Amino acid sequence: MRNRLFQKLFFTTVLGLMVSIFIMLILLGVSVNNYFVKERQTLLTESCTTIANVLSGETDNSTGFFISLNGVVEVVSKAVTGETYVSDSDGHILHCSCDEWKKQKSCIHSNGGISDEVLAEVSNSEFFEFGHLKGRFENIYYTAGRPIYNRDSKIVGFVFISQPASQLETVWTELSSIFVVCAIIPIVLLFIYLFAMTKKMTKPINLMSEAAVNMSKGDFSKRIPVSGNDEISDLAEAFNRMSNSLSQLEGMRRSFIANVSHELRTPMTTIGGFIDGILDGTIPPERREYYLELVSNEIRRLSRLVQSMLSLARLESGEHKVNMSEFQLCDLVCEVLFSQEQRIESKKIEISGLENGGDIKVNADRDLIYQAVYNLVDNAIKFTPEGGTIAFDIGADFDGRVHFKIKNPGKGINPEELQYVFDRFYKTDRSRSANKDGTGLGLYIVKTIIDIHKGNITVSSVPNEFTEFEIVFSAENKPTAIERK
């Protein structure tokens, strides 16, 4: 099964080669035949002309003169390896160079004489035929003819030279033998070359097939060796890139499953432990309200986690229809802040910077941007110490790009962790303890939403001082599909 492509390529190429050789032999045969016919025509025509010129105008006694020139006829016949015969003006054979005529004064050339049709053609023009001489011969002959004139320019006879076409078969047989012998070595070398090249061409494809089978079993480690600079090497490189991407996706999938399992298991374990403690009496009645409040908090945390995962799934699957509209970004930020008014007042947080961005508009999906801003504000409130200030900065460039910044004081983020803050389930507190309210998906969802709008989000932080997020909306922020990583 693995060699089917190799067999198809190799045998198709061999078949094409054999057909090409066969066609070449046919063309060679036609060329040789045409060349041989023309060569015979030239030779026989010139020989006939020579004899006719010798015999023409020499005497009025045609019969006696023809017989006296046996030597000339014999010499020409041997020179052209054919039979020369001379007839009178009526087509009766007077002399022939063949052995049968010498013995019996009669031969195949003299039986019945020359037909009037042939004599008429010879009288009017140069005559040459590759055939049966109007049915006179059973086999194919080359035949040339010329008229013989007397001193008064009157036709007194005709001279013909016939040569059997079997000589062409002999020449063709010898030529074919030479061709085959000379072609055997190149053809064998060509077959070896075709075999090696086809094997080389199909080897990467076979390796890809094996790697694909391994991938179906979960093994993404196999890579295809890349050599050359052709379509096959391009395909191998693309396959290796795909393998790398799939390997990364598999690693992310496993990490995602592990993180989800951990994030779900932590609140569920906490809830189960507290409930069991209440049921079995481990927790005294006077402490039950306290632990029930903890259970309620864990349930809300679990609910937030599930909601975040559902939102992320809708975004990544493309189920959320992006509805673009133009709106004031400052108004949207104020709406988010009003929804968090209780938390802001409880921590006595100050808000600044919104007084300068009232006229800045963006063209985006309002619901998605609301969710992104909400997640950033929620993060800022969570990490801002009591009495701190959350600063906003909304502005626009001359090229139409809109900037949105949110800066909060607090513990900040270590420099080595900045590159990971937009990863799924990443928390700056790597212990992921139950006391943390975050799900680790908020910033990843923000990044996903901004990517959909072809924008850019960055983060900067100084430990123990501040953390600042900046979103830049493109001037042409048409929504795009999420590029899966």
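In this numbering scheme, every chain counts its residues from 1 along its sequence in written order. Only residues with pLDDT of at least 70 are given local features in this predicted model, and only at 80 or more are side-chain atom pairs given and counted; all residues enter the totals for whole chains, interfaces and linings. With hydrogens and water set aside, each side-chain value is computed from the structure's full complement of heavy atoms.

Participant: Talk me through the sheet that holds strand β2 (residues 93-96); I want residue IDs and the actual numbers.
Facilitator: A pair of strands is labelled paired if DSSP reports no fewer than 2 bridges between them. Secondary structure elements are defined from DSSP: runs of H or I of at least 4 residues count as helices, runs of E of at least 2 residues count as strands, and each element is numbered from the N terminus. The sheet built from 5 strands is open, its strands ordered β2-β1-β5-β4-β3 with antiparallel pairing. Whereas interior strands pair on both sides, the edge strands pair on one side only; in this sheet they are β2 and β3 (127-131). Ignoring strand direction, the axes of neighbouring strands in this sheet form an average angle of 20°. Judged from the 6 bridges that link them, strand β1 (residues 83-88) and strand β5 (residues 155-164) form a sheet pairing that is antiparallel. In the strand pairing of β5, Glu83 is matched with Ser162. To get an axis, fit a line to the C-alpha atoms, keeping to the stretch in contact for a helix; angles then go from 0 to 180 degrees between the N-to-C directions.

Participant: Help me get a handle on a negative patch on the surface, residues and values and all.
Facilitator: Among the surface-exposed residues, Asp230, Glu231, Asp234 and Glu237 lie close enough to one another that they form a single negatively charged patch. On the secondary structure map, Glu237 appears in helix α7 (residues 231-279). Here, patches come from residues exposed beyond 30% relative accessible area and free of salt bridges, joined within 9 Å for like charges and within 5 Å for nonpolar side chains (Val, Leu, Ile, Met, Phe, Trp, Tyr). Surface accessibility in these figures is a Shrake-Rupley result with a 1.4 Å probe; residues are shielded only by whichever protein chains are displayed. Each reported salt bridge corresponds to a side-chain nitrogen of Lys or Arg within 4 Å of a carboxyl oxygen of Asp or Glu. In this tally Asp and Glu are treated as negative and Lys and Arg as positive; neither His nor the chain ends contributes. A charge is said to be at NZ when it belongs to Lys, at CZ for Arg, at CG for Asp and at CD for Glu.

Participant: Lay out helix α11 (residues 366-383) with the relevant residues and their values.
Facilitator: With 18 residues, α11 should reach 26 Å at 1.5 Å per residue; the first-to-last C-alpha distance of 26 Å fits that figure. Only protein chains enter the area calculation, which uses a 1.4 Å probe; residues under 20% of their type maximum are buried, those over 50% are exposed, and those in between are partly exposed. For α11, every residue scored as buried is listed here: Leu368, Ile369, Ala372, Val373, Asn375, Leu376, Val377, Asp378, Asn379, Ala380 and Ile381. Within 3.5 Å is the distance limit for a polar contact, defined as a pair of N or O atoms, with the added protein rule that one can donate a hydrogen and the other accept it, and that residues adjacent in sequence qualify only through two side-chain atoms. Sitting at the head of α11, Asp365 places a side-chain oxygen 3.1 Å from the backbone nitrogen of Asp367. The span expected for a helix works out to 1.5 Å for each residue beyond the first.

Participant: Go over the state of the cysteines, please, and point to the residues and values.
Facilitator: Any covalent bond linking the sulfur atoms of two cysteines counts as a disulfide. When two cysteine sulfur atoms lie within 2.5 Å, the pair is treated as a disulfide. Taken as a whole, this structure holds 0 disulfides when the rule is applied. In this structure Cys96 is not part of a disulfide, and its nearest cysteine sulfur, from Cys98, lies 3.3 Å away. Cys330 takes part in no disulfide bond, and the closest cysteine sulfur to it belongs to Cys334, at a distance of 4.3 Å.

Participant: Please provide a residue-by-residue account of a nonpolar patch on the surface, values included.
Facilitator: Together, Leu15, Val19, Phe22, Ile23, Ile26, Leu27 and Val30 make up a nonpolar patch on the protein surface, roughly 650 Å² of accessible area in all. You can see Leu15 is positioned in helix α1 (residues 4-55). What makes Leu15 exposed here is its relative accessible area of 55%.

Participant: Quick one: what's the story with the sheet that holds strand β11 (residues 456-462), residue by residue and with numbers?
Facilitator: Each strand in a sheet pairs with another by means of backbone hydrogen bonds, the pair being arranged parallel or else antiparallel. If you walk across this open sheet you meet the 5 strands as β7-β9-β10-β12-β11, and the pairing is mixed. Looking at strand neighbours, the two that pair on one side only are β7 (350-352) and β11, the edges of this open sheet. The mean inter-strand angle of the sheet, taken between neighbouring strand axes irrespective of direction, is 15°. One ladder, built from 3 bridges, connects β7 with strand β9 (residues 389-396); its direction is parallel. Counterpart to Glu350 in the pairing with β9 is Thr389. Each of β7, β9, β10 (402-409) and β12 (466-473) touches helix α9 (residues 329-339); the most contacted strand, β9, lies at about 160° to it. Contacting β9, β10 and β12, α11 runs over the sheet at an angle of about 20° to β10. Any two residues whose heavy atoms approach within 4.5 Å are treated as being in contact.

Participant: I'd love a proper account of the confidence of the model for the protein chain, names of residues and values included.
Facilitator: Confidence scores labelled pLDDT are given residue by residue by the predictor and lie between 0 and 100. Chain-level pLDDT for the protein chain is 78 on average; 83% of the residues reach the 70-or-more range. Contacts of residues 430-436 to residues separated by more than four positions or lying in other chains number 14 contacts, the stretch itself having pLDDT below 50. Considering only residues more than four positions removed or in separate chains, one finds that residues 478-485, a stretch of pLDDT under 50, has 18 contacts.

Participant: For the packing of α11 against helix α12 (residues 442-452), give the residues involved together with the corresponding values.
Facilitator: The geometry of α11 relative to α12 is characterised by a closest axis approach of 9 Å and an angle of 145° between their N-to-C directions. Here the hand of the crossing between α11 and α12 comes out left-handed. Contact with α11, carried on its side by Leu368, Ile369, Gln371, Ala372, Asn375, Leu376 and Asn379, involves Gly442, Leu443, Ile445, Val446 and Ile449 of α12 and no other residues of that element. Amino acids outside the nonpolar list (Ala, Val, Leu, Ile, Met, Phe, Trp, Tyr, Cys, Pro) and the charged list (Asp, Glu, Lys, Arg) are all regarded as polar, and Gly is one of them. Split into classes, the residues belonging to the contact of α11 with α12 amount to 8 nonpolar, 4 polar and no charged. Here a crossing is taken to be left-handed if its near helix is turned anticlockwise relative to the far helix by less than a right angle, and right-handed if that turn runs clockwise.

Participant: Which residues make up α9, and what values go with them?
Facilitator: When α9 is considered as a whole, its buried residues turn out to be Leu329, Cys330, Leu332, Val333, Val336 and Leu337. Within α9, the buried residues cover an arc of 160° as seen down the axis, which keeps them to one side. The arc refers to the directions leading from the helix axis to the C-beta atoms.

Participant: I'd like a description of the packing of aromatic side chains, backed by residues and values.
Facilitator: Here a ring pair, both rings aromatic, is described through the centre-centre distance and the interplanar angle of the planes. Between the rings of Phe, Tyr and Trp (Trp by its six-membered ring), a pair exists once the centres lie within 6.5 Å; its type follows the angle of the planes, with under 30 degrees stacked, over 60 edge-to-face, and the other angles tilted. Enumeration over the complete set of coordinates arrives at 9 aromatic pairs. Ring centres 4.8 Å apart and planes at 25° place the aromatic pair Phe130 and Tyr142 in the stacked group. Placement of the pair is Phe130 in strand β3 and Tyr142 in strand β4 (residues 141-149), with a sequence separation of 12 residues. Using a relative accessible area of 36% as the deciding quantity, one classes Phe130 as partly exposed. Taking the centre distance of 6.4 Å and the plane angle of 25° together, the rings of Tyr370 and Tyr374 count as stacked. Separated by 4 residues within a single helix, Tyr370 and Tyr374 lie in helix α11, roughly one turn from each other.

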